[in-house]
Amino acid sequence: MKKSLLVLLLSCTLILIFVTPALGTPAKNTEAPNWAALYAYQNEELDHPRKDHPYMFGYADGSFRPDALLTRAETATIMARAKGKNDKAEVTAQFYDLPVDHWANANVAVLSREGILTGYLDGSFLPDKHISRAEFVAIACRLASKSPGFVNNGYADVAGHWAAGYIYTAQGEGWLADFAGTNFNPDKAITRGEAVQILNRALGRDKMTFVTKVADFTDVLSTHPLYDAIMRAASEMR
């Protein structure tokens, strides 16, 4: 009986020795990086966001879509990332058309509290409305703590516009260097490509160096005129 018990104990010991390491060793991840994972990253809530993190991301199909128009909700998210703001703060609905569970509500709330982003007089935010060049420039000025200016350096269609002062400031700071011509078209909806040109300069990212450069987007190769600007917006900089 004792001999049988000893044999049983010895057998159990050998099983634990050989099986336990196999159970405790995680399977090796052989999956290659994919664009879906990169796209998912843009929706992560960072505990410690930093201004040198990417503030623009591509889409699940690997594209950036520089000619696509930005909405006000998307702009709030971009600006919050650019500001290095934490979007985990507990928030309440501040605009009647932006419920608490809206995907951009936390970012809107963070910027709204600091006076960087505002809604409309009727209490709406219009999150899905395409944002105009004038609105984007005004938000960029507030984000960079720049006051409205008074000197028009050449745009013929800006004088008297509600955002004229902000446009003058952006122009004087050199943020609008890519918007040549006599007209700025302030009420025209801004594209993703135009947005990074302005915001990179407002944040000083045009003078930073790359830490980790994102892979080329399928529709923005190295020969694209906005390649450098988009890479700076989508990569980690310092």
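Residues numbered from 1 in each chain as written. Predicted model: local features only at pLDDT ≥ 70, side-chain atom pairs only at ≥ 80, totals over all residues. Heavy atoms only, no water.

**Points about the overall build of the protein**
Here is step 1 of the chain: A tally of helices and strands in the protein yields 8 helices and 2 strands.
Here is step 2 of the chain: Listing every helix and strand of the protein by position from the N terminus yields α-α-α-α-α-α-α-β-α-β.
Here is step 3 of the chain: Of all 238 residues assigned to the protein, the portion counted as buried reaches 42%.
Here is step 4 of the chain: The contacts in the protein between residues at least 6 apart in sequence include a share of 71% that link residues at least 24 apart.
Here is step 5 of the chain: Total accessible area on the protein stands at roughly 13,300 Å², and carbon and sulfur atoms take up 58% of it. (Helix = DSSP H or I, 4+ residues; strand = E, 2+ residues; numbered from the N terminus. Buried < 20%, exposed > 50% of the residue type's maximum accessible area, 1.4 Å probe, protein only. Contact = heavy atoms within 4.5 Å. Areas by Shrake-Rupley, 256 points an atom, 1.4 Å probe, with all protein chains shown as cover.)

**Observations concerning helix α6 (residues 164–172)**
Here is step 1 of the chain: Here α6 lies mainly inside the structure; 8 of its 9 residues are buried.
Here is step 2 of the chain: Of the residues making up α6, those classed as buried are A164, G165, Y166, I167, Y168, T169, A170 and Q171.
Here is step 3 of the chain: Positive phi appears at G174, one or two residues downstream of α6, with a value of about 85°.

**Things to note about the packing of aromatic side chains**
Here is step 1 of the chain: The final tally for this structure, using the stated rule, is 4 aromatic pairs.
Here is step 2 of the chain: Pairing Y155 with F184 gives two aromatic rings, centres 5.3 Å apart and planes at 45°, and the pair type is tilted. One end of the pair, Y155, is in the loop between α5 (133–143) and α6; the other, F184, is in the loop between α6 and α7 (192–203), with 29 residues separating them in the sequence. As far as burial versus exposure is concerned, Y155 and F184 are alike and both buried.
Here is step 3 of the chain: Members of the aromatic cluster, each reached through a chain of ring pairs, are Y155, F179 and F184.
Here is step 4 of the chain: Just above the ring of F64 sits the side chain of R192; from NZ or CZ to the centre is 4.3 Å.
Here is step 5 of the chain: Its guanidinium or amino end placed over the ring of F210, K213 lies 5.2 Å from that ring's centre, counting from NZ or CZ. (Phe/Tyr/Trp six-rings, centres within 6.5 Å; stacked < 30°, edge-to-face > 60°. Lys NZ or Arg CZ within 6 Å of the ring centre and 35° of its normal.)

**Looking at the nonpolar core**
Here is step 1 of the chain: Ranked by size, the top nonpolar core spans 54 residues in total, and within it V137, I167, L176, I198 and L199 carry the most contacts.
Here is step 2 of the chain: Elements that contribute at least two residues to this core include exactly α3 (72–83), α4 (105–113), α5, α6, α7 and α8 (227–234).
Here is step 3 of the chain: At 8 residues, the largest contribution of residues to this core is made by α5.
Here is step 4 of the chain: If we skip the residues at most four places from it in the chain, I167 touches A134, V137, Y155, V158, L176, F184 and P186. (Core = buried A, V, L, I, M, F, W, Y, C linked by side-chain atoms within 4.5 Å.)

Interpretation in functional terms is not warranted from these geometric data alone.
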